[in-house]
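For reference, the chains in residue letters:
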Amino acid sequence: MAGASSVLTDDSWLSRFDRELFKIEGVLAFIGGLAVFSLMLMAVVSVGGRNFFNRPLPGYVDWIEQAMPLIAFIGVAYTQRIGGHIRMDIFVGRLKGRPLWTAEFVSTFVMLTLMLLLMWGAWAHFARSFDFAAPMWSRDSSMDIGIPLWPAKLLAPVAFFVLSIRLSLQLWGFGRALRTGTLEPVAVPLIEDAATQAANEAMHVTGFDEEEDIK
């Protein structure tokens, strides 16, 4: 399941690097959100054009294909930082201290290894599409309006690279926690129990109600 997580901070270089990286991840996630919003607007234009002018938006499917890497990949590092990816907490959630950090370290190492392999494969896939000597630097294009495909193919290795940096940072954080035995490491997502999740949700709802009252 996807459990809520919190990330602690302090004045260490690890925490500072975590916060700076999180800013970049936030920008990428925002770009992904803009891509979703843009597709929604394009759908309105395409359906409206078909219904009122018998002329849908040209290349609508091509633009969807171009935007899919933005929607699917660009926000993965942001989600990893806040602990929002799907995971099973039934067993890991019962662990404390070094056993917990050991489990987190091993799982993070496996994810990092997988992402490095995927990044290598995605870059090779991009390299087969990109060519400086070809028109628009592209060896292939979309079927309808001929949009070059290499920009969309480049997004995958870029997103995987940022995620690999995030996983490397978390691997260092879990390793340091494993070495020191601390119960509150920084720069890593800490699983919140049900009581903490409920308290945070109540705080957000209460704050919303107070804002409504002020208005």
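Rules used throughout
- Residues numbered from 1 in each chain as written.
- Predicted model: local features only at pLDDT ≥ 70, side-chain atom pairs only at ≥ 80, totals over all residues.
- Heavy atoms only, no water.
- Salt bridge = Lys/Arg side-chain N within 4 Å of Asp/Glu carboxyl O.
- Helix = DSSP H or I, 4+ residues; strand = E, 2+ residues; numbered from the N terminus.
- Buried < 20%, exposed > 50% of the residue type's maximum accessible area, 1.4 Å probe, protein only.
- Phe/Tyr/Trp six-rings, centres within 6.5 Å; stacked < 30°, edge-to-face > 60°.
- Lys NZ or Arg CZ within 6 Å of the ring centre and 35° of its normal.
- Core = buried A, V, L, I, M, F, W, Y, C linked by side-chain atoms within 4.5 Å.
- Expected span 1.5 Å × (residues − 1).
- Bend = angle between axes of the 7 residues up to and from the residue.
- Contact = heavy atoms within 4.5 Å.

Undergrad: Can you lay out the pattern of salt bridges for me, pointing to particular residues and giving the numbers?
TA: Summed over the entire model, instances satisfying the criterion amount to six salt bridges. Across the salt bridge formed by Glu20 and Lys23, the nearest N and O atoms sit 3.3 Å from each other. Residue Glu20 and its partner Lys23 are located together in helix 1 (residues 13-53), separated by three residues, close to a single helical turn. Relative accessible area serves as the criterion here: at 53%, Lys23 is assigned to the exposed category. Among the ionic pairs, Glu25 bridges to Arg166, the shortest N-O distance being 2.9 Å. Here Glu25, found in helix 1, pairs with Arg166, found in helix 6 (residues 150-180); they are 141 residues apart in sequence, far enough to count as distant. Through salt bridges with shared partners, one network takes in Asp18, Glu25, Arg81 and Arg166.

Undergrad: Go over the packing of aromatic side chains with me, naming the residues and quoting the values.
TA: In the structure shown here, the tally under the stated rule is 12 aromatic pairs. For the ring pair Phe130 and Trp137, a centre distance of 5.9 Å and an interplane angle of 70° mean the geometry is edge-to-face. According to the relative accessible area criterion, Trp137 is partly exposed, its value standing at 41%. On the basis of an interplanar angle of 70° and a centroid distance of 5.2 Å, the ring pair of Phe132 and Trp137 is categorised as edge-to-face. A relative accessible area of 62% places Phe132 in the exposed class. Chaining the aromatic ring pairs together yields one cluster made of Trp123, Phe126, Phe130, Phe132, Trp137 and Trp150. Sitting above the plane of the Phe22 ring, Arg81 keeps its charged end 4.1 Å from the centroid.

Undergrad: Could you give an account of the nonpolar core, naming the residues involved and the relevant values?
TA: Within the largest apolar cluster, 21 residues are counted, with the highest numbers of intra-cluster contacts made by Phe160 and Leu163. Going through the elements one at a time, helix 1, helix 3 (76-81), helix 5 (97-129) and helix 6 are the ones with two or more residues in this core. For this core, the element with the highest residue contribution is helix 6, accounting for seven residues.

Undergrad: Which residues make up unusual backbone geometry, and what are the values?
TA: Of note in the backbone geometry, Met136 takes a positive phi value of approximately 55° without being a glycine. In this structure, Ala187 takes a positive phi of about 70° despite not being glycine. The residue Ala187 is located in the loop between helix 6 and strand 2 (189-191) in this model.

Undergrad: Account for helix 2 (residues 60-73), naming residues and giving values.
TA: Between its first and last C-alpha, helix 2 extends 21 Å over 14 residues, near the 20 Å set by a 1.5 Å rise per residue. Ala67 marks where helix 2 bends most, by close to 35°; the proline Pro69 follows one to four residues later. All of the buried residues in helix 2 are Asp62, Gln66, Ala67, Pro69 and Leu70. Check the buried side of helix 2 and you find it contacts helix 1 and helix 6.

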